[in-house]
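Fold and contact review
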Amino acid sequence: MIEEFQGFNFSHNEFIFLGFPVIYEYRRLLSLPFFTTYILVLVGNSLLIYVIRIMESLHSPMYILICGLAAVDIVVATVIIPNMLLSFLFDWNDISLASCLTQMFFTHFLSSVESTILLAMALDRYVAICYPLHYARILNNVMFLKLLLFTVIRSGSIMFVLVALAGSLSFCGSNVINHCYCDHMALVSLACGNTDKNNAMGLAVIICFVGIDICVIIFSYMKILSVVLRRAAGEDRWKAFHTCGTHLIVIMCFYLIGTVTFLSRNLNIQIPTDINTFLGVMYIVLPASVNPIIYGVRTKEIRNRILKMFNTRCMKVFYL
């Protein structure tokens, strides 16, 4: 058996999640806030999709992108939170290597798709405000098809390589994953062979999705603010600054938390396991929770439609 371990002939095919080891005894209490958050994610994003679908006036590129963002938020939260709840409540902590790699792929793939959608939304606003006369010509159906193809190729190919490299490793030591879901580096850190390629690929992912996307997003919002502040005055200026600032804060949280969790093990950043796990979950859950508010409720057309729907329902209940 010792020779097998030394020669890496043995490799684990089953793993155990150990999220929040310091407060592990309180894991059943942890299920309550995560369950509540998951319900909010489902309800908020589903309502947003429903309102955009039924209102023909919202069938424009910007709102279609918001609808796509809401759909991605629902799916990516569903990939990790139900398994977390089962783990917290019933101690169903084990997962096969194949299932782990599948969860890893969809988690990181959907996160990269969300990054692309945020990039597209920033560019959409940039064109609409800075080049309004060319908006319909630039952002048409052909452009949407190109964006879809670009998203699938970029996110799919990069994440496939990332997962394939992780799947090729041997895991002959511990099979305990210090996380609540199958995070890339949480799994790679258990490998007993050389992981230089995996670390390099992790850095490549950050450069591709954070280094490029966030730069373009910030540039777009800066140009938008520049144009709006020149044209608007008084309350309109403050409204534009507040809107763009809110969007940027949420976007920066998404990228910053994702970067810290992704690179903490690559760069040997000493972060307590519980904090690193919490950041890894918030990287998924926080945007999915606040996006319906930032891009939905705070949008006048969507807010008015939601209020109208609730008022109609309340009137029906009152008269019954």
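Thresholds, definitions, all that
- Residues numbered from 1 in each chain as written.
- Predicted model: local features only at pLDDT ≥ 70, side-chain atom pairs only at ≥ 80, totals over all residues.
- Heavy atoms only, no water.
- Helix = DSSP H or I, 4+ residues; strand = E, 2+ residues; numbered from the N terminus.
- Buried < 20%, exposed > 50% of the residue type's maximum accessible area, 1.4 Å probe, protein only.
- Contact = heavy atoms within 4.5 Å.
- Areas by Shrake-Rupley, 256 points an atom, 1.4 Å probe, with all protein chains shown as cover.
- Axes fitted to C-alpha atoms, helices over the stretch in contact; angles between N-to-C directions.
- Parallel < 35°, antiparallel > 145°, perpendicular 65-115°, else oblique.
- Left-handed = near helix turned anticlockwise from the far one by under 90°.
- UniProt positions renumbered as here; feature names shortened; annotations may be inferred.
- Nonpolar A, V, L, I, M, F, W, Y, C, P; charged D, E, K, R; others polar.
- Expected span 1.5 Å × (residues − 1).
- Bend = angle between axes of the 7 residues up to and from the residue.

1. Observations concerning the overall build of the protein
Scanning the protein for helices and strands turns up eleven helices and three strands. Along the protein, helices (α) and strands (β) appear in the sequence α-β-α-α-β-α-α-α-β-α-α-α-α-α when read from the amino end. Among the 320 residues that make up the protein, the fraction classed as buried is 47%. A fraction of 82% describes how many contacts in the protein between residues 6 or more apart in sequence connect residues 24 or more apart. Only carbon and sulfur atoms are counted for the fraction: they give 69% of the accessible area of the protein, which is about 16700 Å².

2. What about the packing of helix α4 (residues 97-130) against helix α8 (residues 196-231)?
Working note: a packed helix pair is described by the angle between its axes plus the distance between those axes. Running from N to C, α4 and α8 point in directions that differ by 25°, and their axes come no closer than 9 Å. What the angle tells us is that α4 and α8 run roughly parallel. In this structure, the crossing between α4 and α8 has a hand that is left-handed. Between α4 and α8, the contacting residues are Ser 112, Ser 115, Thr 116, Leu 118, Leu 119, Ala 122, Leu 123, Arg 125, Tyr 126, Ile 129 and Cys 130 on the first element and Phe 209, Asp 213, Val 216, Ile 217, Phe 219, Ser 220, Tyr 221, Lys 223, Ile 224, Val 227, Val 228 and Arg 231 on the second.

3. A look at the UniProt feature "transmembrane region" (unreviewed entry) in the protein
Under the feature "transmembrane region" (unreviewed entry), the UniProt entry names residues 30-51, 63-85, 105-123, 144-166, 200-219, 240-263 and 275-297. With 100% helix and 0% strand, the stretch residues 200-219 has end C-alpha atoms that lie 27 Å from each other. Segment residues 275-297 splits into 100% helix and 0% strand. End C-alpha atoms: 31 Å apart.

4. Quick notes on the packing of α4 against helix α10 (residues 273-297)
Their axes nearest at 12 Å, the elements α4 and α10 cross at an angle of 30°. By the angle between their directions, the pair α4 and α10 is classed as roughly parallel. Considering only the axes of α4 and α10, their crossing is left-handed. Counted together, Thr 107, Ser 111, Glu 114, Leu 118 and Met 121 of α4 and Tyr 283, Ile 284, Pro 287, Asn 291 and Tyr 295 of α10 form the full contact between these two elements. Residues of the contact of α4 with α10, tallied by class, amount to six nonpolar, three polar and one charged.

5. Thoughts on α10
In this model α10 runs 35 Å from its N-terminal to its C-terminal C-alpha over 25 residues, within 8% of the 36 Å that 1.5 Å per residue would give. Val 290 marks the point of greatest bend in α10, at about 40°, and the proline Pro 292 comes within the next four residues.

6. Side note on the environment of Ile 214
Its location among the elements puts Ile 214 in helix α8. Ile 214 gets classed as buried once you look at its relative accessible area, which sits at 10%. Separated by 34 residues in sequence, Ile 214 and Leu 248 place their C-alpha atoms 9.7 Å apart. Ignoring anything within four residues of it in the chain, the contact list for Ile 214 reads Phe 209, Ile 251, Met 252 and Tyr 255.

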